[in-house]
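Now for the letters of each chain:
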Amino acid sequence: MAAGNPYAQGARVWIPDSVEVWRVAEITRGYKEGDAILHLRLEDGSALAYPIEFQLPPLCNPDCLSGADNLVALSHLHEPAVLHSLRRRFLEANAIYTYCGIILVAINPYKPLPIYEEEVIYAYSGREMGDMDPHIFALAEEAYKQMVRFGKNQSLIISGESGAGKTASAKYAMRYFTTVGGCLCDSSMEEKVLASSPVMEAFGNAKTTRNDNSSRFGKYIEIGFSQVHVTGATIKTYLLEKSRVTFQAKAERNYHIFYQLCASATLPEFQGLGLRGAESFHYTCQGQCTAAQSTDDAADLDSTRRAFLLLGIPEADQLELFGILAAILHLGNIVVRGRDRRGDGCFVEPADEALGLFCTLLGVEASQVMRWLCHRKLVTAGETYLKPLSRQQALDSRDALAKHLYGQVFRWMVNRVNRALRSLEGHRTSIGILDIYGFEMFELNSFEQFCINYANEKLQQLFNLHVFKLEQEEYVTEEIPWVFVDFCDNQPCIELIEGRLGILDLLNEECKMPQGSDGSWAQKLYQTHLSSSQFQKPKRPMDAFVICHFAGKVEYQCDGFVEKNRDAVPEELVGLLRASKSALLAELLLEEGDSHVSLQSRRSSGPRMAGRPSRRSLPSSQKSKKSISSQFKASLNRLMETLGSTTPHYIRCIKPNDGKQPFVFDSRRAVEQLRACGVLETIRISASGYPSRWTYQEFLGRYRALVSREELMGGNEKQICTLALARLLQDPSKYQCGKSKVFFRAGQVAYLEELRYRRLRAACILLQRHLRGWLARRCFGRARAAAVCLQRHARGMLARRFVRMLRRTRAAVMLQKTLRMVLARRSYLRIRQAVVTIQAFARGMFARRLYQQMVWHQKAVVIQAAVRGWLARTHYARLRGAIIYLQCCYRRVRACRELRRLRVEARSVEHYKQLHKGMEIKVIQLQCRLDEEAQEKQRLVEQLSGLNAAHAEEVQRLRAEMQRLREDAARDAEVQQLQERLAELERHSVKNCLGQEVEELRQRLAEVEAMKLQLGEERDTLIQRMLEQSQDLEEQHQRAARESQGLLQELEEERARYQSLVQEYTRLEQGYENLRDEVAFHRQSTLRRSPSSESFLGSESSYLSSMSAAPSRDGSDQQAEGLEEHWQLVPEGPQPSGEVLLNGNVGQDPFEKAYLLLLGQLKAVNEELARTREELRRSKAPVEPEERKPLDFLKRRNIAEMLGLGRSPEKVAVDDDLKHAYDAMQVANRLLVSQLREEKQQHEEKVEGLHLDICSLKQLSQQQAALIQDLQQHQGQEGLQHHVLRLKEENWELAQKLEKQERTTLKLQKQLRAYAKQIQELTVKREVTGPAQELATSTVVVSRSPMVLSPAGLSQAMLAWRMEDEGRIIKAVITDYKPQSSPGALPDLPAYILFLCFRHADHCYDELRARSLLDAAIDAIKRVMKKHSDDFDMVALWLANTCRLLNCLHQYSQDESYWQGNTARQNNHRLQNVDPQSSCRSLGALAIQLYQQLIRTAEKRLKPMIVAAMLESEPIQGLSSSCPPGHRRSSAAPAYTLPELLQQLGSFRAALDRHGLAPSVGHQALRQLLFLVSGTTLNYLLLRKDTCSWSRGIQLRYNISQLEQWLRAEGLQQSGAREVLEPLVQAAQLLQVKKVTEEDAGALCSLCTVLSPQQVVKILRAYTPAVGLEERVSPSFISSVEKQLQDQYGEGPSQLLVDTNHLFPVHLPFTASPVHLDELPIPDTLDLAFLVRL
């Protein structure tokens, strides 16, 4: 140390421990030079005298450095510090990834964690390696970034023990590359790359005692890239463990594919394979573990088969492959029996079931298999012998065949996978993922462990060289003096294995010997390498040897080395299988045979060796076959060359415990793996130099408290740091100052932290001293002021008490005087009141008696008058009834006579006709009268209801009057009784009567009091009942509110589903367009057509497109409009085609009589339809003369042209012309008659159908009335409202159909009338139409579509256009439209122009044009959006125009619900003929697509700004220095600040307002964008540990307050944007609250109501306390919070990150336009002169 004794009292050190490997102890007595014992105190309080033998124990790092993301940042770099940091991060923070220089240490959690979602991938994409928490995605992003920047191949080397998580890490890395890189040409390539994993795992992974999914082979996956996109992949495998096919240790399994087949044996396609349970086969039951806990074999087979299909392996090949695998299982069940006890021979039963299934599945003969399983062929110079095998040899031969077959299957499967992943165009760069076995050291180590450890030695050598190279480059870049660091080089060990006469050479030489054995090979090893330091012989007398690897000594047993290296396969059985009927099996074995043949041919091409072959010669294929060690050495050398040409990135997977328990850390097992994987070697190399490296800005920000004022006056940061370090660290060898960084030796950062802690502690003591003095002075001042105040208040209280006594004495005298006066006056008034009352009662009694006599006299007179009148009326009624009866009898006789006469007349036909002649008119009149009477009835009902109400009021008033009179009568009766009693009192003594009266009055008073109490009780009862009713109503209201809330939520969900469907449709539409462009490109590049063929195809396609452009219509409408168009669209010239058609139908010459007869029939038919025409004319408004004249002219002219009357008399003779005209007229008349009959029949059928429709409409209207009543009772039920709206739409469609039918009938009748007039004119005028008529016709016909001009020249608010102008309109209004070219115009001008054109098509009854215009507009907007997808202003412009066009269609439709805000002029411009509902749906879908594209465009601009503005910017200066040293921040200033982010949001809002978008839509867009800001910030807060601190919480809360202030300034408080910021607000509060006690845990749980439990726990685990000011959050506190959150919220989905791609459902409100269409200004710059404004 540069200053002070590091082993002073209070320092902490690490001492070895047998259980925990290392444990912490505190020095109780300072160490001095020469002491032999170090006095320590353990964590449990016990004392320990630690002997110092060679070196002092390693020092502990400060608490602020423990748990650092990068182990190299530790001040003291050694094994216990590394182990402690990993354990602390793993157990306390649940962080499984930690950097160690260039190595990523990954600890298997044995528990699924929510840190691998797609949101996490995009969060790490594009970020620097140190910006985020350690993660495999960060390392993959670093490799991907280096590949893209420098164009150099990269590699990820993943190693570790079995069960450490290598396979899972490789899969995550592959998923990252395929997700970030995507695919350039083949959209399914990334799926294929990911699909290779389940296939490789099924065939190459198995359950071991350490891992349920252990990879039993090494693989190198090379993912090819073309620039930044994935183009393909290649998989290379190494050293498949084939011995597992025939043997498994206890509690282990064979490869997964066998158990998957056995679990799916009941499938129909597997019935012929003879499969059963896995316990039935010898090759799958040896480990006594046929099922794994975390494996579903049947489901895994489905995944494997789906992956096969995705990789292009058809079902047939799969079934054949499964048949070979089943044959391997049956091969293991073949029973071999010995012939005698000596074991000289063996045999197989011919009836063996397993043998039969094996032969059947592979297509070989059973006899041949039986023969060559039990015999071996020996070939000598001239003869061939068959040697019988012993039973053990036969079993070994069987197992060798099974291993060979499975090896070939595995090799074939890898080749097929590579074929599917191969890219045709190749790749420029690649990233390789090496998933290879880690260093293995078991009790019994054999040939497989030897090869694995040999590969790890080579990889470790490459790793050491790479680490050494990086260290050297760092020092050279910073211009630091470089001293060579000696590191452990394992080249001697590699030379021992692969050098000349090394272990592999001796092994291959022994395999070539005919009598080679493991023992002889061991003796050769002892003789050759016993003198080597890397080779040792074990003490026990056995065939074994020991190699000193870099990770430790490993003892290998020689048993099986020679046989495994040979990998001998019986050639007879292989040749038998080559001749199999199975095509796949022949392919597997022929591939290897071809390679052997080629090898033999290459050898035979050289000079031959003369000599006699030995008697025990091996087959030729055995001679040419390389040994396993040679193959492995060659493939390993190729792998080293490949890795040497790439930039490696290392991932070391650590297995925390052998019990596979989640988050349990076994220190001994972890240390073993750290030593074996090279992590500690990296630490040693870093510790030998300058492991701690700080930029000058970081150093100054952290240790500014240690810098003096004079040093701060320096010129730059480097000079300040140099001066401060020279003063703080006097030894210059302890640090070095580079160009941009300062380098420290091990332990110097800890010393600086100690100095900083002391300086801050002294400053805190000074602050506390001054603060306590100020508090004491303030307390004394407050006490003195309180004493003075108390004295003042006491004196005042005594004075006020004396004054109060004086006032009370005076008041008592005044009260006595007043009271005596009151008592005297009350007595006088009582006596006076009694006298007045007696007088009043006496006078009233006399007056009422007189009134009673007068009333009785009046009633007697009234009764007499009523009786006399009744007698007179009775007499008159009797006389009148007799007279009426006589009149009725006489009239009945006259009516019977008239009835008989009318019956006679009714039998005549003429009368019947005359009677029914005007019946229909009468029915209509009666219907009108019925309507009038119904209206009159309604009016009378309303009057009656009014009269009833008035009558009820009058009755109520009379009842009140009657009640009042009754009360008066009762009072009168009482007065009379009192008068009588008064008379009695006059007769008797006054004193007795008054006493009795007083008693009665008291009784009556008691009764009144009782009645008052009863009324009070009734009132209380009524109040209670009203309260209950109000509570019931409140409950009903709450229930209705909840139901309405649920319905609203369902509506939002339905809206979200609809919008997601619209988004999916947009995506599919985009994909379709991309595929169409690609197909067009391929066609253009492959097909070369001639100009003539192109012109022919073009004309044909134009003809087909014109034919397909007309939409289908109803039958009658299509015929009517088709006929009308046929007459209208005939050109002016002669029509030979029509003439030929007419003339072709004439069979013979016509006569004049036939023509006249036809004319008469036509007139009769017209008269017969007169009544129907009149009815239809009444139903529709009459057609104006100006509308009919151009049409008559046009029809007359076109008919004349069709009949051939328009030809010039100079060219054709008059007689021929008249003859042809007469023939054409006759044919036309026949056609008209037949068509008239068909139309009449269709009309009758339609009338009947319309009657049925009217009946059904009445029923529907009744149903709607009932539904509306129910809807009024349940206003909160949104489903009924949707149902009513749907019924209204159906009624509207039916009404439109009815109007269309009536309109079609009217058109046909007009045409028939016009045709009849023309035929009459033709019969009179047999002359050709003059040129004057042609000129008039040409001036009248302006366009093909008839236009109706408004009367008196008023504006009709429409733009006249033709069908061929559609492209020009779309080009001017949408494609080439630029708002800048029309300053001052409305922002949604294109929408208004399109609607004016739509109104013209509606006015012309041309639904085809209207829909075609809107479809073309929608397509054009989509094309513009595809071209300007990143232009926010352009997307906002067309979103506003789409919404405006949609609102115009609603505002001017026939739906009355949209007319509320219309003026009278706007109501005159409503659509009359075209139903815009389908167009509204299309525009609504387009608006949603544009809104989603608007959000995506804004998100692209906001995403790079969010993290920098919300987390990295520091608006509050001075808080950054509290960042702990282990968590580095970027030295550069943030790219964006919060004001820039707010400015961007303001620009978005301004753009939305500028283009006239509805405010509610803008609010929804800003809410979505703030959700992105909140979600992205929260995600990065969860993924970056350096942001989880108190100071960062303060900064974040300040930034959020700025956002909220901006929302208030913009008036967006009610937009819902504040709610989406709530998770971020709670996260900032969580970083600031206290986190110590149980009360803190409860308050924290009540605070975090929006954050998920996983997010809260993640923030607590990642929280970094301020050094010296806070304590680390204890694991018990985190467990308490987690438990309370689970109890509060339950076990929800384990989602850690916020889905920032989520889109809220958008609601597009209806906004009526205040613009009058006839006053819309259209600038001339739009070039719309071809449109005529009507």
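About the thresholds
- Residues numbered from 1 in each chain as written.
- Predicted model: local features only at pLDDT ≥ 70, side-chain atom pairs only at ≥ 80, totals over all residues.
- Heavy atoms only, no water.
- Buried < 20%, exposed > 50% of the residue type's maximum accessible area, 1.4 Å probe, protein only.
- Core = buried A, V, L, I, M, F, W, Y, C linked by side-chain atoms within 4.5 Å.
- Helix = DSSP H or I, 4+ residues; strand = E, 2+ residues; numbered from the N terminus.
- Contact = heavy atoms within 4.5 Å.
- Pairing = 2+ DSSP bridges.
- Axes fitted to C-alpha atoms, helices over the stretch in contact; angles between N-to-C directions.
- Phe/Tyr/Trp six-rings, centres within 6.5 Å; stacked < 30°, edge-to-face > 60°.
- Lys NZ or Arg CZ within 6 Å of the ring centre and 35° of its normal.

With respect to unusual backbone geometry
- With a phi close to 50°, Leu239 is a non-glycine residue in the positive phi region.
- Residue Leu239 is classed as partly exposed on the basis of its relative accessible area, which comes to 22%.
- In this model, Lys660 sits at a positive phi of 55°, which is unusual for a non-glycine residue.
- Here Lys660 falls in the partly exposed class, since its relative accessible area comes to 25%.

Quick notes on the nonpolar core
- Of all hydrophobic cores here, the largest spans 334 residues; its most connected members are Phe177, Phe203 and Phe545.
- Ranked by the residues each element gives to this core, the list is headed by helix α46 (residues 1477-1512), at 17 residues.
- Excluding residues within four positions of it along the chain, Phe203 makes contact with Tyr255, Ile257, Phe308, Leu321, Leu325, Tyr406, Val409, Phe410 and Met413.
- In this structure, Tyr7, Val13, Leu40 and Leu42 belong to the second largest nonpolar core, which totals 13 residues.

Quick word on the side chain of Asn657
- Along the chain, Asn657 turns up in the loop between β20 (647-654) and α23 (667-677).
- In this structure Asn657 touches Tyr110, Val664 and Asp666, once residues within four positions along its chain are discounted.

Some remarks on the sheet that holds strand β3 (residues 37-42)
- Spatially, β1-β2-β3-β4 is the arrangement adopted by the 4 strands of the open sheet, whose pairing is antiparallel. The open sheet terminates on both sides in strands that have one partner only, identified here as β1 (12-17) and β4 (47-51). On average, each strand axis in the sheet is inclined to that of its neighbour by 50°, with strand direction left out of account.
- With 3 bridges joining them, strand β2 (residues 21-27) and β3 adopt antiparallel strand pairing. Each residue of the ladder has a partner; that of Ala25, found in β3, is Leu42.
- The strands touched by helix α1 (residues 79-91) are β1 and β2; relative to β2, the strand with the most contacts, the crossing angle is about 105°.

Details of the environment of Glu1638
- Tracing the backbone shows Glu1638 in helix α52 (residues 1638-1647).
- Linking Glu1638 and Phe1677, residues 39 residues apart in sequence, is a C-alpha distance of 7.3 Å.
- When neighbours within four sequence positions are excluded, Glu1638 is seen to be in contact with Ser1680 and Gln1684.

Some remarks on the packing of aromatic side chains
- Summed over all chains, the structure comprises 34 aromatic pairs.
- Seen from their ring centres, Phe137 and Tyr176 are 5.3 Å apart, and the 25° between their planes marks the pair as stacked. You can see Phe137 sitting in helix α3 (residues 136-150) and its partner Tyr176 sitting in helix α4 (residues 166-181), a full 39 residues away along the chain.
- An aromatic cluster is defined as three or more aromatic residues linked by ring pairs; in this entry it consists of Phe447, Phe450, Trp521, Tyr526, Phe535, Phe545, Tyr556 and Phe561.
- For the cation-ring pair, Arg276 lies above Phe281, with the distance from its terminal atom to the ring centre recorded as 5.2 Å.

Considerations on the environment of Arg745
- Residue position: Arg745 is located in the loop between β23 (741-744) and α28 (748-906).
- By relative accessible area, Arg745 is classed as partly exposed at 27%.
- Taking C-alpha positions, Arg745 is 10.0 Å from Leu77, a pair spaced 668 residues apart along the chain.

Some thoughts on the sheet that holds strand β5 (residues 97-100)
- The 7 strands are arranged β5-β6-β20-β7-β16-β10-β11 in an open sheet whose pairing can be described as mixed. On the outer flanks of this sheet lie β5 and β11 (229-238), each paired with one strand and no other. Strand-to-strand twist of the sheet, defined as the mean angle between neighbouring strand axes without regard to direction, takes the value 20°.
- In the sheet, strand β10 (residues 218-226) pairs with β11 via 9 bridges, with the strands oriented antiparallel. The residue of β11 that forms the bridge with Lys219 is Thr237.

That's the geometry; what it means functionally is another story.
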